[in-house]
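Letter by letter, the chains look like this.
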Amino acid sequence: QIQKILEIIDIPKNTKSLEIIKINYIQASDLANIIQNLINYKNTINPGFCIGENKTNKIIILEEIKNLIEIKNIIKKLDIKNNSLDTTLIKKLKN
């Protein structure tokens, strides 16, 4: 138990960074949930956080600097335009 407490307390300063990222195509809160799960999985001792702000459609991330590049790459892969949602169908009515 002492070792675990030391790991939590003995964290080098400035290992985490705060990022605010604009999301273009999907809802920020949905993406934030996915990213938060990833953060929790990768860093179980002292996890950061990810919050989605839907009014501006931005996410706020506080996470280990070493993990932010990977997280940003995942965001780019998930935040894509879904053309199937933008399609307008026109159907001619009989009457």
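Structure first, text after, so check above.
What counts and what doesn't
Residues numbered from 1 in each chain as written. Predicted model: local features only at pLDDT ≥ 70, side-chain atom pairs only at ≥ 80, totals over all residues. Heavy atoms only, no water. Helix = DSSP H or I, 4+ residues; strand = E, 2+ residues; numbered from the N terminus. Buried < 20%, exposed > 50% of the residue type's maximum accessible area, 1.4 Å probe, protein only. Contact = heavy atoms within 4.5 Å. Areas by Shrake-Rupley, 256 points an atom, 1.4 Å probe, with all protein chains shown as cover. Core = buried A, V, L, I, M, F, W, Y, C linked by side-chain atoms within 4.5 Å. Pairing = 2+ DSSP bridges. Axes fitted to C-alpha atoms, helices over the stretch in contact; angles between N-to-C directions. Expected span 1.5 Å × (residues − 1). Arc of directions from axis to C-beta. Patch = residues over 30% accessible without salt bridge, like charges linked within 9 Å, V, L, I, M, F, W, Y side chains within 5 Å. Salt bridge = Lys/Arg side-chain N within 4 Å of Asp/Glu carboxyl O.

**Q** Would you take a moment to explain the overall build of the protein for this structure?
**A** Of the regular secondary structure elements, the protein holds 3 helices and 3 strands. Of all 95 residues assigned to the protein, the portion counted as buried reaches 23%. When contacts within the protein are restricted to residue pairs at least 6 apart in sequence, long-range pairs at least 24 apart make up 69% of them. Looking at the protein as shown, the accessible area adds up to about 7700 Å², and 56% of this sits on carbon and sulfur atoms.

**Q** Is there a simple way to think about the nonpolar core in this case?
**A** What tends to happen in soluble globular proteins is that the nonpolar side chains get buried as a cluster. Among the nonpolar cores identified, the biggest contains 13 residues, and Ile23, Ile35, Cys50, Ile59, Ile61 and Ile75 are the most heavily contacted of them. The dominant element in this core, judged by the number of residues it contributes, is helix H2 (residues 28-42), at 5 residues. Residues in contact with isoleucine 35, not counting those within four places in the same chain, are Cys50, Ile61, Ile71, Ile74 and Ile75.

**Q** Would you take a moment to explain the environment of leucine 38 for this structure?
**A** Topologically, leucine 38 is positioned in helix H2. A relative accessible area of 21% means that leucine 38 is categorised as partly exposed. Between the alpha carbons of leucine 38 and asparagine 67 there is a distance of 10.0 Å; along the sequence they are 29 residues apart. Look past the residues within four positions of leucine 38 in its chain and what remains in contact with it is Ile71 and Ile74.

**Q** Could you clarify how one ought to interpret the sheet that holds strand E1 (residues 16-22) in this entry?
**A** In a beta sheet, neighbouring strands are held together by backbone hydrogen bonds and run either parallel or antiparallel to one another. Taking strand neighbours across the sheet as the criterion, the 3 strands line up as E1-E3-E2 in an open arrangement whose pairing is antiparallel. This sheet does not close on itself; its edge strands, each paired only once, are E1 and strand E2 (49-53). Across this sheet, the average inter-strand angle for adjacent strands is 15°, counted without regard to direction. Judged from the 7 bridges that link them, E1 and strand E3 (residues 58-64) form a sheet pairing that is antiparallel. Across the sheet, leucine 18 pairs through a bridge with leucine 62, a residue of E3. Contacts between H2 and the sheet are confined to E2 and E3, with E2 contributing the most and set at about 175° to the helix. In this fold helix H3 (residues 65-78) packs onto E1 and E3, with an angle of close to 145° to the strand it touches most, E3.

**Q** Explain H2 here, please?
**A** It helps to recall that an α-helix has 3.6 residues per turn; residues three or four apart then point in one direction. Along its 15 residues, H2 runs 21 Å from first to last C-alpha, staying within 8% of the 21 Å computed at 1.5 Å per residue. All of the buried residues along H2 are Ala28, Leu31, Ala32, Ile35, Gln36 and Ile39. Down the axis of H2, the smallest arc covering the buried residues is 140°, so these residues share one side. Exposed side chains of H2 directed beyond 90 degrees from the buried face belong to Asn37 and Tyr41.

**Q** Is there a simple way to explain a nonpolar patch on the surface in this structure?
**A** The grouping of Leu18, Phe49 and Ile51 at the surface amounts to a nonpolar patch, some 270 Å² of accessible area in total. For phenylalanine 49, a relative accessible area of 31% corresponds to the partly exposed category.

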